[in-house]
Amino acid sequence: MVDAKRAGSGTLSVWAGEEARAPGAPTQVPVVPSVSFGYRDVDAWVAVARGEREGHIYGRNTNPTVAAFEEKVRVLEAAEAATSFSTGMAAISGVFQTLLRPGARVVSQKDTYGGTSVLLTRHLPEWGVDVSLAETDDDAIEKEIAGGCDLLYLETPTNPTLKVVDLARLAAAGRAAGATVVVDNTFAPPHNQSPLELGAHLVIHSATKFLGGHADALGGVLCGDPELVRKVFRHREIAGASLHPEAAYLLLRGLKTLALRVERQSASAMRIATWLRDAEGVDAVHYPGLETHPGHAVARKQMRAFGGMLSFSLDGGLDAVKRFLPALRWAHLAANLGAVETVAGTPATTSHVECTPEERAALGIPEGLVRYSVGIEDAEDLIADLEQALASAARG
Ligand code: PLP
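A. Spotlight on the pairing of strand E6 (residues 202–206). With five of its five residues buried, E6 lies for the most part within the structure. Burial along E6 is two-sided: the face carrying Leu-202, Ile-204 and Ser-206 and the face carrying Val-203 and His-205 are both buried. Pairing of strand E5 (residues 180–184) with E6 involves three bridges; the strand directions are parallel. Looking across to E6, one finds that Val-182 is bridged to Leu-202. In the sheet, E6 pairs with strand E7 (residues 220–224) via five bridges, with the strands oriented antiparallel. Bridge pairing in E7 links Leu-202 to Gly-224.

B. Geometry of the packing of aromatic side chains. Going through the model one piece at a time under the given rule, you end up with five aromatic pairs. Relative to Trp-45, the ring of Tyr-39 lies with its centre 6.1 Å away and its plane at 15°, an arrangement referred to as stacked. Among the residues examined, Trp-45 registers a relative accessible area of 40% and is labelled partly exposed. Relative to Phe-306, the ring of Tyr-287 has its centre 6.5 Å away and its plane inclined at 75°; by these criteria the two rings are edge-to-face. Taken together, the positions of Tyr-287 in the loop between strand E8 (282–286) and helix H11 (296–302) and Phe-306 in the loop between H11 and strand E9 (309–314) put the pair 19 residues apart, joining distant regions of the chain. One aromatic cluster in this structure is built from Phe-312, Phe-324 and Tyr-372.

C. Inspection of the side chain of Arg-261 at higher detail. Locating Arg-261 in the fold gives a position in helix H10 (residues 258–277). Buried charge Arg-261 goes without a salt bridge, the closest partner of opposite sign being Asp-216 at 9.2 Å. For Arg-261, the residues in contact, after removing those within four places along its chain, are Phe-210, Leu-211, Gly-212, Gly-213, His-214, Gly-254, Leu-255, Gly-338, Val-340 and Ile-376.

D. Focus on unusual backbone geometry. Cis geometry is adopted by the peptide bond preceding Pro-157, which originates at Thr-156 and carries an omega value of -10°. Along the chain, Pro-157 falls in the loop between strand E4 (151–155) and helix H7 (167–176). The omega torsion across Asn-159 and Pro-160 is 10°, close enough to zero to call that bond cis. Along the polypeptide, Pro-160 turns up in the loop between E4 and H7. Phi at Ala-78 is positive, roughly 50°, even though this residue is not glycine. Take Ala-78: it is sitting in the loop between helix H3 (64–76) and strand E1 (81–85). Look at Ala-78 and you get exposed, because its relative accessible area is 60%.

E. Spotlight on the sheet that holds E5. On the basis of which strands lie adjacent, the open sheet formed by seven strands has the order E1-E7-E6-E5-E4-E2-E3 and mixed pairing. The open sheet has two edge strands with one neighbour each: E1 and strand E3 (130–134). Neighbour to neighbour, the strand axes of the sheet diverge by 20° on average, direction disregarded. Relative to E5, E4 is paired through five bridges, and the arrangement is parallel. Bridging across to E5, Tyr-153 finds its partner in Val-182. Of the strands in this sheet, strand E2 (105–109), E3 and E4 touch helix H6 (residues 138–146), which is tilted by about 175° from E2.

F. The arrangement of the nonpolar core in detail. Within the largest apolar cluster, 47 residues are counted, with the highest numbers of intra-cluster contacts made by Phe-69, Ile-141, Ile-145, Leu-152, Leu-154 and Cys-223. No other element matches H3, which puts six residues into this core. If we ignore the near neighbours within four places in the chain, the residues touching Ile-141 are Val-107, Gln-109, Ala-134, Glu-135, Thr-136, Leu-152, Leu-154, Val-165 and Leu-170. Within the second largest apolar cluster, 35 residues are counted, among which are Val-164, Ala-279, Ala-299 and Leu-310.

G. Representation of the pattern of salt bridges in the model. Using the criterion set out here, one finds 16 salt bridges in the structure. Between Asp-139 and Arg-169 there is a salt bridge whose closest N-O contact spans 2.6 Å. Residue Asp-139 is located in helix H6, and its partner Arg-169 is located in helix H7; the two are separated by 30 residues in the primary sequence. Assessed through its relative accessible area of 28%, Arg-169 is described here as partly exposed. The residue Asp-166 makes a salt bridge to Lys-301 at a minimum N-O spacing of 2.7 Å. Residue Asp-166 is located in the loop between E4 and H7, and its partner Lys-301 is located in helix H11; the two are separated by 135 residues in the primary sequence. Looking at Asp-166, the relative accessible area reads 7%, which means it is buried. Among the charged side chains, a network of salt bridges with common partners joins Glu-18, Lys-72 and Lys-256.

H. Molecular detail of the site of the ligand. Taken together, the neighbourhood of the ligand is formed by 14 residues, with Met-89, Asn-159, Asp-184, Ser-206 and Thr-208 sitting nearest. Between an oxygen atom of the ligand and a side-chain N or O atom of Ser-206, the distance comes to 2.8 Å. One nitrogen or oxygen atom from the side chain of Lys-209 is found 3.1 Å from an oxygen atom belonging to the ligand. A total of three residues in the shell around the ligand trace back to one element, the largest contributor, which is helix H4 (residues 88–99). Of the residues belonging to the shell around the ligand, the class tally is four nonpolar, seven polar and three charged.

Parameters and conventions
Residues numbered from 1 in each chain as written. Predicted model: local features only at pLDDT ≥ 70, side-chain atom pairs only at ≥ 80, totals over all residues. Heavy atoms only, no water. Buried < 20%, exposed > 50% of the residue type's maximum accessible area, 1.4 Å probe, protein only. Helix = DSSP H or I, 4+ residues; strand = E, 2+ residues; numbered from the N terminus. Pairing = 2+ DSSP bridges. Phe/Tyr/Trp six-rings, centres within 6.5 Å; stacked < 30°, edge-to-face > 60°. Lys, Arg positive; Asp, Glu negative; His and termini not counted. Salt bridge = Lys/Arg side-chain N within 4 Å of Asp/Glu carboxyl O. Contact = heavy atoms within 4.5 Å. Axes fitted to C-alpha atoms, helices over the stretch in contact; angles between N-to-C directions. Core = buried A, V, L, I, M, F, W, Y, C linked by side-chain atoms within 4.5 Å. Near = heavy atom within 4 Å. Polar contact = N/O pair within 3.5 Å; in protein donor to acceptor, adjacent residues only side chain to side chain. Nonpolar A, V, L, I, M, F, W, Y, C, P; charged D, E, K, R; others polar.

Rendered as structure tokens:
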């Protein structure tokens, strides 16, 4: 077993959950598509079913390829337990459905990923859950927590405006109020930020993004307090949003290069954000690594690197964005992020595609923002590409 306390994150990305087993065993975790696992010995079967003996019964519950993926992320997040889901949203809704009951009070921030925002603003109230969305600001969130809180739900840096909240401070406030503290860490993969170390009970990732890194597999993962993870797993195995073994294999393969990718994406994003700040035609740049970012001091304290995501607005607003985006050569214009390729879009087409224009306005999400997920291309090429696309947008 890899000693997670002694190995670096690059080593853990490669080895955790994938150590060679019996002599002659494959060095790579095999995809096991089988839906069920057979037994001739009924006592052994019963022992596995009761959890008294290791093994698998049925693919909706557990699967060996999926278990290897969960183990790798568990080690990377230095968590006691992990479980997986078919998507990031299945992880988020699984946590809500398991831990909330009518009359419960959820405190969160205005800026969360659009799908989460729809759950918080439309679905949870329909289930009789009281949701209070504070401005994405530590004082405002702390004030809401003081009004009572069963579940504190945080996301930092936020999608798509890259706002930062103070995880240690808010987790302490949430715990003091008796809340379960949940953090969506999708924008800051394990190498960059560790919410569990900062006091969260649970950390969620859309594994579809940086963890997988190749835009070819959907997945979600939940790590943290073993009792809570077990409870959510028990709900998920019945609710049925299980990760497919093929997706688990792709995510595992992607995870091996997580440290390499995220280091490069973070370094390139820093260079690009610095360049954009002084570029002609750019109105505002949102990147927590910039000293001018309002959350920079907190980000420095809680992040090891500032990540590969940034957003910016153009002087000409949405019209300029409509000219700028198609002029980009080295970017997919698509609703994804965290991939090896650079990906760009607007909130209306990416993070907040599920929201109505009115909902986006109420959440303070500008229509003319460009969300830019930095890939692993050469930073100089990306900067040259941004420069020519800005010039093209300016020409009209
Ligand atoms: N959380 C964040 C911050 C996201 O950006 C996304 C998707 O973009 C999700 C959760 C949902 O993930 P998935 O698309 O895997 O359901």
